[in-house]
Amino acid sequence: MTVYGSFPGARPRRLRTTPAMRRMVAENRLHPADLILPAFVREGISEPVAISAMPGVQQHTLDTLRKAAVEAVEVGVAGIMLFGVPEDEKKDAAGTAGTDPDGILQVALREVRGEVGDDLVIMSDLCLDEYTDHGHCGVLDADGRVDNDATLERYAEMAQVQADAGAHVVGPSGMMDGQVGVIRDALDTIGKEDVSILAYTAKYSSAFYGPFREAVGSSLRGDRKTYQQDPANLRESMRELALDLDEGADMVMVKPAGPYLDVLAKVAEAVDVPVAAYQISGEYAMIEAAAERGWIDRDKAILESLLGIKRAGANMILTYWATEVARWVGRQG
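Cut-offs applied
Residues numbered from 1 in each chain as written. Predicted model: local features only at pLDDT ≥ 70, side-chain atom pairs only at ≥ 80, totals over all residues. Heavy atoms only, no water. Phe/Tyr/Trp six-rings, centres within 6.5 Å; stacked < 30°, edge-to-face > 60°. Helix = DSSP H or I, 4+ residues; strand = E, 2+ residues; numbered from the N terminus. Buried < 20%, exposed > 50% of the residue type's maximum accessible area, 1.4 Å probe, protein only. Lys NZ or Arg CZ within 6 Å of the ring centre and 35° of its normal. Salt bridge = Lys/Arg side-chain N within 4 Å of Asp/Glu carboxyl O.

**Describing the packing of aromatic side chains**
- Evaluated as defined, the whole model comprises six aromatic pairs.
- Ring geometry for Y278 and Y320: centres 6.1 Å apart, planes at 50 degrees, overall tilted. On the criterion of sequence distance, the pair formed by Y278 in strand β9 (residues 275-278) and Y320 in the loop between β10 (316-318) and α11 (322-332) is long-range, its members being 42 residues apart.
- The interplanar angle of 75 degrees and the centroid separation of 5.8 Å between the aromatic rings of Y284 and Y320 together place this pair among those described as edge-to-face. On the criterion of sequence distance, the pair formed by Y284 in helix α9 (residues 281-292) and Y320 in the loop between β10 and α11 is long-range, its members being 36 residues apart. The exposure classification of Y284 matches that of Y320, with both residues buried.
- Positioned above the aromatic ring of Y209 is the side chain of K203, whose terminal nitrogen or guanidinium carbon lies 5.9 Å from the ring centre.
- In this structure, R293 packs its charged tip against the face of W295, placed 5.8 Å from the ring centre.

**What to know about the pattern of salt bridges**
- A full pass over the atoms with the stated rule returns 17 salt bridges.
- Between D34 and K310 there is a salt bridge, with its nearest N and O atoms 2.8 Å apart. Linking D34 in the loop between α1 (19-25) and β1 (35-42) with K310 in helix α10 (residues 298-311), this pair joins segments that are 276 residues apart in sequence.
- For the salt bridge of D118 with R113, the shortest nitrogen-to-oxygen distance reads 2.9 Å.
- Note on D118: relative accessible area 59%, which makes it exposed.
- One continuous salt-bridge network, built from bridges that share partners, spans D63, R66, K67, E111 and E115.

What follows is the structure, encoded as C-alpha cells:
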C-alpha cells in the first residue's frame, strides 16, 4: 500500500462532494432522444380507457394518440412505438385485422404520420398476437402449435401494409425464425428500402408481461415458451443476434430490460448497430405500485432504473415514462 502524506491519499469521494461535481463526472446521462414511447390505440372507443395494471397509461383514441405524439415531439422524445387494439369481433385465427389496410394500427400510423411527419420516428409493432382470437404471435397448425413459416408469410404482408401506412420502422416481435430476412425482402419488394427494422433479437418468455396483456386486450391461450426465449439462456441470445444481423436488422433489442441487463450488456459489446431495450409493463407496474404505497421514491426509482439500462449499453429505451422523463432531463440539460 502506497501512502502519500496523510492516509488515504486516494479519495474517490472528492468527486461526489456536490451535485454539480457529480453531474460533471457522470459517466452516463439520460437524454430525451434516448427515449421511445410505447402507445396503445384502441378501436371503437370515444374516450381513452385507463389500464388498471399500469397507472397513468391508457388505451388511446385516435385523437388522444395524435396529441400524445405531438407532446412527445415537443419534449424531444425520439420515437413512438404503436400497438393496435382491435375490436374483439375482428379477431380471427389468422389475425387478418393486422394486415387490413384499414385496421386500427394502419389507421393510427397514417394519423400519427400525418400529424407529426418526420419529427418523430414512428414505429409499429409487427406481430399477430393482438389480432388473433387465440392470442398467439402467429398462425397455428393442425396441432395447435405456432407454424413458423406460415407466420412469416403473414409478417411479410404486415410489414408492407405498415410501411404503406407511414411507419419509419417496423418492429417484428414474434420471435419467428427468419422473420427479419423475410420482412426485409417484403419491404424491398415494394420499394420501401428506407423503412428500418428494429429486431426483437432477445425477447424472453417473461412473467413481467402481465400488465401488457390487459393493455392490448390479449386473448392468449397457453403460453409462448415455444418461440420466446428461455430466461435461463444467454448464449442463445447471441446466436439470435448473429442471425438477425445476417438477415439485415438495422437495430436490435433486448426485452425485458431490467431483469436482463447482462444480456443487454453482452449484446451492446458485440455489435456496431444501435441497441434498444424495452422497459416493459411489469417493470413499470412494480415501480408505480411500490411508489403508490410509499415504499420507494417514485421519480428517483424511475431515473435509476433507466440509467441502469443505459449504463448496460442501450442507445434507445422504450419506456412508458418516456414523455414524463424527457421533461425532467430536458430541464436538467
